[in-house]
Structures are given as C-alpha cells and as structure tokens.
Number of protein chains: 2
Amino acid sequence: MFTDTLKSDAARVSAHLDLLIAGIDDLPVTRAMRYAVAGGKGLRGFLVMESARLHDIAETHALWPAGAIEAVHAYSLVHDDLPCMDDDDLRRGQPTVHVRWDEATAVLAGDALQTLGFEMVTDQRCHPDAEVRAELAFSLARAAGARGMVLGQALDIAAESADAPLGLQEITRLQAGKTGALIQWSAEAGARLARADTAPLRHYAQALGLAFQIADDILDVEGDAQKAGKRLQKDAAAGKATFVSLLGLEAARLRAQELVTEACDALSPYGPRARTLREAARFVISRDN
Amino acid sequence: MFTDTLKSDAARVSAHLDLLIAGIDDLPVTRAMRYAVAGGKGLRGFLVMESARLHDIAETHALWPAGAIEAVHAYSLVHDDLPCMDDDDLRRGQPTVHVRWDEATAVLAGDALQTLGFEMVTDQRCHPDAEVRAELAFSLARAAGARGMVLGQALDIAAESADAPLGLQEITRLQAGKTGALIQWSAEAGARLARADTAPLRHYAQALGLAFQIADDILDVEGDAQKAGKRLQKDAAAGKATFVSLLGLEAARLRAQELVTEACDALSPYGPRARTLREAARFVISRDN
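Residues numbered from 1 in each chain as written. Chains lettered and ligands numbered in written order. Predicted model: local features only at pLDDT ≥ 70, side-chain atom pairs only at ≥ 80, totals over all residues. Heavy atoms only, no water.

Which residues make up the relation of the copies chain A and chain B, and what are the values?
The transform that puts chain A on chain B rotates by 180 degrees and translates by 0.0 Å along the axis, for an RMSD of 0.0 Å. Both copies of the chain, as the preceding transformation shows, are related through a two-fold rotation axis. In terms of C-alpha distance to the rotation axis, chain A has Ala 134 of chain A as its closest residue, with the C-alpha 2.4 Å off the axis. When you check the interface residues of chain A against chain B, 100% turn up at the interface there too, and the contact is symmetric in its surfaces. (Least-squares fit on C-alpha atoms with pLDDT ≥ 70 in both. Contact = heavy atoms within 4.5 Å.)

The following block contains the structure:
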C-alpha cells in the first residue's frame, strides 16, 4: 500500500536527517532545524526513494537526496511562516519555529537547512560518481532558487499587491515554481541517480505537482484545520485567486482528476513497476491534510 | 598594487554576478539580489581570483566560484541586517535591502542568493571536471552552514543573552565560523580548482580571517562610520566581548600584526608569486572600511 510506503520512507528519511543534524553542535538553531524537519508527510522524500527504487538504486544512496529535499522543503516552510511572510503560528499541528524559538533562530535555522540540502547531495556517501552529485546539486539549485521555488514565492507576494487577481495562466506559473519545482526535482532524482532519462518522471511530476496544488486549494476551502494541522481559508481571506476561485469547485476537482490520469500515463515506460507512484498520484488529490 | 587588483577583480566578479541575475525574471526579489551584490569590497571574490591565478586557472573558470562566494556573503549580510537580527539600516553606505524594499523581499533575496552560490559552483562552465564542482559545492556547504558561518552567527546570538561576556577562546571560535569559514573557502578555491594541496592556503586564510576580525573590532571602536558605510560602536553598545575589549587596543593591534606575519609565512611554498596575497594580508589590518 502506498500510504504504508510513504510512512516508512518518511520515518527513515527523518531519522537520517535527524542523525545528521544531531552530529552538529547542540544549539537553539540546530534544535530548531531538527524540529522543522520532523512531522511532515514526507511526500518529496518518498518521491526520491520510490523513483530510486524504480531504477534499482540502493536505499543507502537514495536517503541522501531524499533528506536533502526534505531539508530544503522544511527551510521554505520555516521562512514562509515568518511574520513578514505568511505570519503563521501553526504548522503540522505544532507551533511554528519563530513562535517556539524566535525570529532570528527561524531565519538562521531555515538558512542552515537550505545549506544542509546542498551538503547532502554533494556528500560522497550520496553517490560515488561526482558527475551525479554535481548534477543533483545544480538541478536542486535551479529548482529552489529565483528561477524555481523563490520565483513562485515572489510572484505570490507580488500578487497580493496587484490591482487584479491573477488569471489561470499566471496561477499555474506561480504554482509550478512554488510547489512544482521541488516535487519535480524529487521525482526526477531516481533517474538522475541512475543516469537514466528523466523525461518520463518529469512529465509525471509536472502533472502531479499541479494536481497537488489544486487539491491544496480545495483543502483550503473545505478542509478541516484540525486534520490539516495549519490555518485554512487563508487564500479566500486574503482575496487571492486560486484554482478553486478561478475554475469553481467542481471543475477544479475534475481538472485534478485529469491531471492524475496524465501523471499515471506518463509512467507507461516503467510498466507495472511504477504502481506505487501511480497510487501516490491518486493519493495527493484525496488527502485531508 | 593589491588595491588595484582588488578593485578590478571586484568589478569583474560583480559584473559576472549581475549578468547572471539579470537573466532571471525582473521582479523586486531579483532587483534586490542585484542591489545586494553591488558595492562591496569584494575581498572574498578577490581571494578566489588570486588563488586561482596562483594555480594558473583561467579567469573564465575562477569567476564562477568568485561570484558564488560573493553571492553567499551578500545573502549573509542581507539576513544579518534584518530587524530580527542586527536591525541595520545602512550597509555599504546604502539603505539595507529590507529598508529599500521590505522584510519579505529581504528574506527571499537572501535565500535565493544562497541558492545562486550553489548553482554557480555546480554550473558546468565553472569547471569541466565534475569532481571539482562537487567538491567546491560540498566544501561551500560545510563553510556556510551550521558547522561554519551559521554556527558563528548562532553563537553570536547566544552570547547576547549569556550571563557573562565570552572569553578569548569562545570569541575566536565564534569568529572562525562567522567570518573565517567563507574567507578560508575563498582562499582555498584556487587550489581546489587545480586539484592541488589546499593546506598552505588554508593556513594563510585562517590567520588572515582572524586578523580581519580583529581589525574589524578595532574599526568598530575607532573607525569613521562615514568611511565604513555602516553603523559603528555596535558591539560596545551591546556590551559584547570583542578582541579589543578582551585584549585592549594595543595588544589587539599587535596580535593582528603577528597574524599577518603568520599568514605571509604560510605562503612560502608559493614563493614570490604569492606577493599579491601577502599584500592583501597587510591590507586587511590597515583598511578604514
């Protein structure tokens, strides 16, 4: 079952990350780093682990890029939750880092988590081939930086002060950066580790990432804050355009469904071996958190 | 003359960085990134360029790690200046990023500058050998993260709420992280690009970094804020221990002088070719900004 695989991968990736950070000096900033990487769903780490299994890559190698992407994802959440950004007090059902510690510690912990991501993919234990390590780091930088995730966040901030709400094309571009780029990197990682063609996993991840975001927008409207472990109805309150506000709830649901079909079809070169990744695609639009 | 080399290297490294960032979408965050990398002394970039020249590495390659370290240094300044950190309004004689734009843009611009650093050292144009690119990225992560620069910043924050001011050993460790780690990485970069022994440049940089910090502490006490382009007497106002408060002004000056001699001696394997790096060491303790 996909949910069991997700849970067990998330536990192993978390443990790997926690052990690494525990090896650094014990200070508020390192405690905040360990806190920030704990308790997530671990979807990005799972995508690395599963795409690696698909290419017969040993788990001892896959754990490094899986931990790296969870560290980078955690950094983005810690900074996103800051008072000057989304100003959120709750994340994964727990106080956010700047609430539990303070803003300075949250800034530094986020900074160091990003650095840790690059350290992990360039560690010799990640892969014996330097070509693979350098390529993992370069593609991660492209996905996380001002051409990827940060671009999405910057477009999101710009949208808040724009005269008119964004259109469908603009929202799609924003989300391709904000959530899509790291999801795509995660799914492609297995092919990168094997020096195989990344195209099928890229197409899978592009459809998956968009479906994920549409599901998030639906969850923001009709989800249960308790189960989600974070504040909901934020977008509507901020008057922000979302896939739901632009398409309507029913059409958004249909579009997410189509994207899941697209994602599954993209995996056809892998045949039945990609069963768990197909289950993952169906899961992201049915989750309640 | 060293100061001419510094100026011309700084101009070329800045131009290289600016061109790269200008190739990304024009948004407040990318404008803030370009603003943040402009106008610095460029000491770290110079150390990369000069150590590369010492190993007959082409400037077209050296510009990548030189730009990378200036991007990472700029990220650390942008985040350091935030209200929740040092709360500084002035940097390099100009309004800081969060004053000129806003805090959210400063957080994101800093984040993306760090990412850009890792992108630059893993770009194929940086070096044809993936082993070199992966090693540059791994060592940069070690220098910038919670074992290096962020550790220094975290110790600095912890010192503010400590019961007693730090001692000499603790201040030395703090500064080895906060300013020393990136300076060391910069000086070693030329040897890394040439796959040569990094030990002489490491010893040079360790002495240089400490001398640089002692000079900074002296400047903080008796410098001219106009020339320095930033607020001074901050440490005394905050009751923080510095090399000057611990050693006294005269002993601090002597210690910096000794360290410069040590730094120069470490370069003996390079003979007269290392003349410019020796001048750089003498310069850092005589500068007025």
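Having seen it, we continue.
I'd like to hear about the interface of chain A and chain B, residue by residue, with values.
Listed as interface residues are 43 residues of chain A and, on the opposing side, 43 residues of chain B. When chain A packs against chain B, close to 3,900 Å² is buried across both sides, 67% of that on carbon and sulfur atoms. Taking the shortest distance from any N to any O, the salt bridge between Asp 25 of chain B and Arg 173 of chain A comes out at 2.3 Å. Between chain A and chain B we count 14 residue pairs in polar contact (both at pLDDT 80 or more) in total. Only helix 2 (28-36), helix 4 (59-80), helix 6 (103-122), helix 7 (130-144) and helix 8 (149-160) of chain A provide two or more residues apiece to the side of chain A that touches chain B. Considering every element that reaches the side of chain A that touches chain B, the biggest residue donor is helix 6 of chain A, with 11 residues. Classifying every residue of the side of chain A that touches chain B by side-chain character gives 26 nonpolar, seven polar and 10 charged. (Buried area = accessible area lost by both parts, 1.4 Å probe. Salt bridge = Lys/Arg side-chain N within 4 Å of Asp/Glu carboxyl O. Polar contact = N/O pair within 3.5 Å; in protein donor to acceptor, adjacent residues only side chain to side chain. Helix = DSSP H or I, 4+ residues; strand = E, 2+ residues; numbered from the N terminus. Nonpolar A, V, L, I, M, F, W, Y, C, P; charged D, E, K, R; others polar.)

Hey, could you go over a nonpolar patch on the surface for me, with residue numbers and the actual values?
A cluster of nonpolar side chains, namely Leu 168, Leu 246 and Leu 247 of chain A, defines an oily patch on the protein surface of about 210 Å² accessible area. Tracing the backbone through its elements, the reader meets Leu 246 of chain A in helix 13 (residues 243-247). (Patch = residues over 30% accessible without salt bridge, like charges linked within 9 Å, V, L, I, M, F, W, Y side chains within 5 Å. Areas by Shrake-Rupley, 256 points an atom, 1.4 Å probe, with all protein chains shown as cover.)

I'd like to hear about the pattern of salt bridges, residue by residue, with values.
Per the stated rule, a full pass over the model turns up 48 salt bridges over all chains. Its salt-bridge partner being Glu 119 of chain A, residue Arg 142 of chain B comes within 3.0 Å of it at the nearest N-O pair. Of the two residues, Arg 142 of chain B is situated in helix 7 (residues 130-144) and Glu 119 of chain A in helix 6; the pairing between them involves two chains. Residue class for Arg 142 of chain B comes out partly exposed when judged on its relative accessible area of 32%. In this structure Glu 119 of chain A comes out as buried when scored by relative accessible area, which is 6%. (Buried < 20%, exposed > 50% of the residue type's maximum accessible area, 1.4 Å probe, protein only.)

If you had to explain helix 6 of chain A to someone new, which residues and values would you point to?
All names here are of chain A. For helix 6, which comprises 20 residues, the first-to-last C-alpha distance of 29 Å matches the rise-based estimate of 28 Å (1.5 Å per residue) to within 8%. Extensive coverage of helix 6 is indicated by the burial of 19 of its 20 residues. For helix 6, the N-terminal capping position is held by Asp 102, with its side-chain oxygen 3.3 Å away from the main-chain nitrogen of Ala 104. (Expected span 1.5 Å × (residues − 1).)

Please give an account of the packing of aromatic side chains that cites residues and values.
Residues and elements named next belong to chain A. Here the structure, examined in full by the defined rule, presents seven aromatic pairs over all chains. Ring centres 5.0 Å apart and planes at 55 degrees place the aromatic pair Phe 2 and Phe 283 in the tilted group. Of this pair, Phe 2 sits in helix 1 (residues 2-22) while Phe 283 sits in helix 15 (residues 275-284); the two residues are 281 residues apart in sequence, bridging distant segments of the chain. Overall, the relative accessible area of 2% leaves Phe 2 in the buried class. (Phe/Tyr/Trp six-rings, centres within 6.5 Å; stacked < 30°, edge-to-face > 60°.)

Describe unusual backbone geometry, and please don't skip the residues or the numbers.
Glycine aside, negative phi is the norm for most residues, and most peptide bonds take the trans geometry. Residue and element names in this part refer to chain A. Phi is positive for Asp 87, close to 55 degrees, though the residue is something other than glycine. One non-glycine residue, Arg 195, lies in positive phi territory at about 50 degrees. Along the chain, Arg 195 turns up in the loop between helix 9 (168-193) and helix 10 (199-222). In this structure Arg 195 comes out as exposed when scored by relative accessible area, which is 55%.

Requested: an account of helix 3 (residues 43-54) of chain B, with residues and values cited.
Residues and elements named next belong to chain B. Here helix 3 contains 12 residues, and its C-alpha end-to-end distance of 16 Å stays within 8% of the 16 Å for a straight helix at 1.5 Å per residue. Burial within helix 3 is extensive, with 11 of its 12 residues counted as buried. All of the buried residues along helix 3 are Leu 43, Arg 44, Gly 45, Phe 46, Leu 47, Val 48, Met 49, Glu 50, Ser 51, Ala 52 and Leu 54. Elements that come into contact with the buried residues of helix 3 comprise helix 1 (2-22), helix 4 (59-80), helix 9 (168-193), helix 10 (199-222) and helix 15 (275-284). At the C-terminal side of helix 3, Asp 56 shows a positive phi close to 55 degrees.

Kindly report on the environment of Ser 161 of chain A, identifying the contributing residues and their values.
All names here are of chain A. Within the element layout of this structure, Ser 161 appears in the loop between helix 8 and helix 9. The exposure class of Ser 161 is exposed, given its relative accessible area of 61%. Considering only alpha carbons, one finds Ser 161 and Phe 2, 159 residues apart in sequence, at a separation of 41 Å.

Go over the packing of helix 6 of chain A against helix 6 (residues 103-122) of chain B with me, naming the residues and quoting the values.
Where helix 6 of chain A meets helix 6 of chain B, the axes come as close as 11 Å, and the angle between the chain directions of the two elements is 15 degrees. If you check the angle between helix 6 of chain A and helix 6 of chain B, you find them roughly parallel. Where helix 6 of chain A crosses over helix 6 of chain B, the two elements pack in a sense that is right-handed. Between helix 6 of chain A, through Asp 111, Gln 114, Thr 115 and Phe 118 of chain A, and helix 6 of chain B, the contact on the second element is made entirely by Asp 111, Gln 114, Thr 115 and Phe 118 of chain B. When grouped by side-chain class, the residues that make up the contact of helix 6 of chain A with helix 6 of chain B number two nonpolar, four polar and two charged. (Axes fitted to C-alpha atoms, helices over the stretch in contact; angles between N-to-C directions. Parallel < 35°, antiparallel > 145°, perpendicular 65-115°, else oblique. Left-handed = near helix turned anticlockwise from the far one by under 90°.)

So what's going on with the packing of helix 7 of chain A against helix 9 of chain A? Which residues, and what values?
All names here are of chain A. Contact geometry for helix 7 and helix 9: axes closest at 10 Å, N-to-C directions at 170 degrees. Classified by the angle between their axes, helix 7 and helix 9 sit roughly antiparallel to one another. Between helix 7 and helix 9, the residues in contact are Val 132, Glu 135, Leu 136, Ser 139, Leu 140, Ala 143 and Ala 144 and Ala 181, Leu 182, Trp 185, Arg 192 and Leu 193, respectively. Residue classes in the contact of helix 7 with helix 9 are distributed as nine nonpolar, one polar and two charged.

Could you give an account of the state of the cysteines, with specific residues and numbers?
For the coordinates displayed, the defined rule picks out zero disulfides over all chains. As a non-bridged cysteine, Cys 126 of chain A has Cys 126 of chain B as the owner of its nearest cysteine sulfur, 19 Å distant. Counting only cysteine sulfurs, Cys 84 of chain A is the nearest neighbor of Cys 84 of chain B, a cysteine outside any disulfide, at a range of 7.5 Å. (Disulfide = S-S within 2.5 Å.)

How would you summarise the nonpolar core if you had to cite specific residues and measurements?
In terms of nonpolar packing, the biggest core is built from 199 residues, with Leu 113, Trp 185 and Tyr 204 of chain A together with Leu 113, Trp 185 and Tyr 204 of chain B touching the most fellow members. Contacts of Trp 185 of chain B, omitting those with residues within four sequence positions, involve Val 48, Pro 65, Ile 69, Val 121, Leu 136, Ser 139, Leu 140, Ala 143 and Arg 192 of chain B. (Core = buried A, V, L, I, M, F, W, Y, C linked by side-chain atoms within 4.5 Å.)

Quick rundown of the side chain of Asp 111 of chain A? Include the residues and the values.
Examined against the element boundaries, Asp 111 of chain A turns out to sit in helix 6. Here Asp 111 of chain A is buried and forms no salt bridge, its nearest opposite-charge partner Lys 178 of chain B lying at an N-O distance of 12 Å. In this structure Asp 111 of chain A touches His 79 of chain A together with Tyr 75, His 79, Asp 111 and Gln 114 of chain B, once residues within four positions along its chain are discounted. (Lys, Arg positive; Asp, Glu negative; His and termini not counted.)

Mind laying out the side chain of Thr 115 of chain A, listing which residues take part and the relevant values?
Position of Thr 115 of chain A relative to the elements: it lies in helix 6. The class of Thr 115 of chain A is buried, set by a relative accessible area of 1%. One polar contact links the side chain of Thr 115 of chain A to the main-chain carbonyl oxygen of Asp 111 of chain A, over a distance of 2.8 Å. A polar atom in the side chain of Thr 115 of chain A sits 2.6 Å from the side chain of Gln 114 of chain B.

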